[in-house]
Amino acid sequence: MAGNAVLAAAKGAAAAFTGSGAMFASAMHSLADAVNQGFVFVGSVLSERRPSRRFPVGFGRVINIFCMIAVIVVTIMAYETIHEGIHLLRHPAEASSGFWINVGVLILNILVDGAILIKASKEILKEARAPKASGFALLPAAFKNVGRAAPPTRLVFYEDIVAVLGAFFALVAVVVVAFTNFALIDGLVTTLIGLLMIAVAFRVGYDNMIGLIGVSAPQDVEDGVSSTILADPDVRDIGSMRIIQEGRYYHVDAVVELRTGLTLGDADDIKLRIQKELTTNPDIADAAISIVEDDGTASWHRREADIEKK
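Here goes a summary of the coordinates provided.

Quick notes on the rules
Residues numbered from 1 in each chain as written. Predicted model: local features only at pLDDT ≥ 70, side-chain atom pairs only at ≥ 80, totals over all residues. Heavy atoms only, no water. Phe/Tyr/Trp six-rings, centres within 6.5 Å; stacked < 30°, edge-to-face > 60°. Buried < 20%, exposed > 50% of the residue type's maximum accessible area, 1.4 Å probe, protein only. Lys NZ or Arg CZ within 6 Å of the ring centre and 35° of its normal. Helix = DSSP H or I, 4+ residues; strand = E, 2+ residues; numbered from the N terminus.

Quick word on the packing of aromatic side chains
Phase 1: In the structure shown here, the tally under the stated rule is four aromatic pairs.
Phase 2: Relative to F59, the ring of F55 lies with its centre 5.1 Å away and its plane at 50°, an arrangement referred to as tilted.
Phase 3: Accessibility expressed as a relative area gives 38% for F55, which makes it partly exposed.
Phase 4: Given a relative accessible area of 13%, F59 falls into the buried group.
Phase 5: Seen from their ring centres, F157 and Y158 are 5.9 Å apart, and the 55° between their planes marks the pair as tilted.
Phase 6: Judged by relative accessible area, F157 falls into the buried class, the value being 0%.
Phase 7: Taken together, the ring pairs connect F143, F157 and Y158 into an aromatic cluster.
Phase 8: Between R49 and the ring centre of F59, over which it is positioned, the NZ or CZ distance is 4.9 Å.

Structure follows, in structure tokens:
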């Protein structure tokens, strides 16, 4: 947030001094990033609050609400950017002084947002419990696991991809306008940056919309939970299971079939043992386990087979 606020001020001053539309678009994007990251910081803090009597399931989805506010901010900034781009296409601005100011600010932009993008990529791998990656393998690995990261991390990741691309495109536009007569590139790049911001708003908005509705956990998370439950020596089957993702945490609700002949006390101890084992995973917020006697039918495997047929 602080880095993007400094970049927005620097690029805004450079755009005012030089009249560069691409610099203006890049400044708008940095301002949107700074505002959004401020929103999601507050939302992240609130989402970590413990459950209360009034809100017994906790505040995990608060972060989705704040991210939706961030989407509105990005959309407004994108509209202003596209509007400026269309204006520059109709009335191209002449090359002005301050070439090295623009170049210096945009190089600073690429370095700062590039560092943030690397940090966000590493955070995605950390939150997804994925193997570490470095160098050219870092970004593909982050894309592969971004769906399992927390909403704020996804927002920063998407925004900084566009920020780095936007700064690069703006740098190209500044150089072309300074050394050629192709003044239209300023408007083209400004419009392109606005469209990239719209793409970010759509992606983040979609992710947080399904997060507010309640989305099921990824298949590998479900496989890990089912393996943990079935590894218990007294468990014979899983009658049903539902895992809901809330932020970067999961809520497990399962009906577990135990071996026959157990006393109520023994069965209750087994249930508590399973719950304790599941909640040792830092990504699982809670586990609601119901226990029944084994009915002799492999319900869990049948359910997986039915899914494959569908």
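Some points on unusual backbone geometry
Most peptide bonds take the trans form, and the phi angle of most residues other than glycine is negative.
Phase 1: Backbone geometry places R129, a non-glycine residue, at a positive phi of 55°.
Phase 2: By the secondary structure assignment, R129 is in the loop between α4 (99-127) and α5 (138-145).
Phase 3: Residue class for R129 comes out partly exposed when judged on its relative accessible area of 45%.

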